[in-house]
Amino acid sequence: MAYSKIKHVEAAQKQLGQNKVPQAIAEYQQILKHEPGDQVTLMTVGDLYVRQGETFQAIDYFARLAQIFIRDGF
């Protein structure tokens, strides 16, 4: 099956609407497999891990995002 970012985002939003955060994270991680530098997705996954109380997991995604900002001169 071909990769479709929109389908993964829609599936993640549906999971979040049902308060299924781990499943939503899994959908967003599928996006990151194909687009590892997607800043919005990195921030979203980090936020969702914070929401789950998994701070160390969140830090990993925020650090990846920070590296992109640094690389881009911010």
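Just above, that's the structure.
Cut-offs used in this document
Residues numbered from 1 in each chain as written. Predicted model: local features only at pLDDT ≥ 70, side-chain atom pairs only at ≥ 80, totals over all residues. Heavy atoms only, no water. Helix = DSSP H or I, 4+ residues; strand = E, 2+ residues; numbered from the N terminus. Rg over C-alpha atoms; globule rule 2.2 N^0.38 Å. Contact = heavy atoms within 4.5 Å. Phe/Tyr/Trp six-rings, centres within 6.5 Å; stacked < 30°, edge-to-face > 60°. Buried < 20%, exposed > 50% of the residue type's maximum accessible area, 1.4 Å probe, protein only. Polar contact = N/O pair within 3.5 Å; in protein donor to acceptor, adjacent residues only side chain to side chain. Axes fitted to C-alpha atoms, helices over the stretch in contact; angles between N-to-C directions. Parallel < 35°, antiparallel > 145°, perpendicular 65-115°, else oblique. Left-handed = near helix turned anticlockwise from the far one by under 90°.

A. Main features of the overall build of the protein. Assigned secondary structure in the protein consists of four helices and zero strands. From first element to last, N terminus to C terminus, the protein shows the α and β order α-α-α-α. The C-alpha radius of gyration computed for the protein amounts to 12 Å, which stays within 12% of the reference 11 Å derived for 74 residues, consistent with globular compactness. When its C-alpha atoms are laid out on the principal axes, the protein stretches across 35 × 30 × 15 Å. If you take every contact in the protein between residues at least 6 apart in sequence, the share linking residues at least 24 apart comes to 38%.

B. Quick look at the packing of aromatic side chains. A complete count under the given rule lists two aromatic pairs for this structure. Here the aromatic rings of Y49 and Y61 are separated by 5.6 Å at their centres, their planes lie at 25 degrees, and the arrangement is stacked. Residue Y49 is located in helix α3 (residues 39–51), and its partner Y61 is located in helix α4 (residues 55–71); the two are separated by twelve residues in the primary sequence. Each of the two residues, Y49 as well as Y61, counts as buried. Judged by centre distance (6.1 Å) and plane angle (80 degrees), the rings of F69 and F74 are edge-to-face.

C. Examining the side chain of D38 more closely. Note on placement: D38 falls in the loop between α2 (21–34) and α3. Within polar-contact distance, the side chain of D38 engages the backbone nitrogen of T41 at 3.0 Å. Setting aside residues no more than four positions away along its own chain, D38 makes contact with K5, I31 and L32.

D. Representation of the environment of L42 in the model. Relative to the helices and strands, L42 resides in helix α3. In this structure, the C-alpha to C-alpha distance between L42 and A63, residues 21 residues apart in sequence, is 9.4 Å. Leave out the neighbours within four places in its chain, and L42 touches L32, P36, G37, Y61, R64, L65 and I68.

E. Representation of the packing of α3 against α4. Contact geometry for α3 and α4: axes closest at 7 Å, N-to-C directions at 155 degrees. In terms of orientation, α3 lies roughly antiparallel with respect to α4. The element α3 and its partner α4 pack so that their crossing is left-handed. Facing α3, whose interface residues are Q39, L42, M43, V45, G46, D47, Y49 and V50, α4 presents Q57, A58, Y61, F62, R64, L65, I68 and F69.

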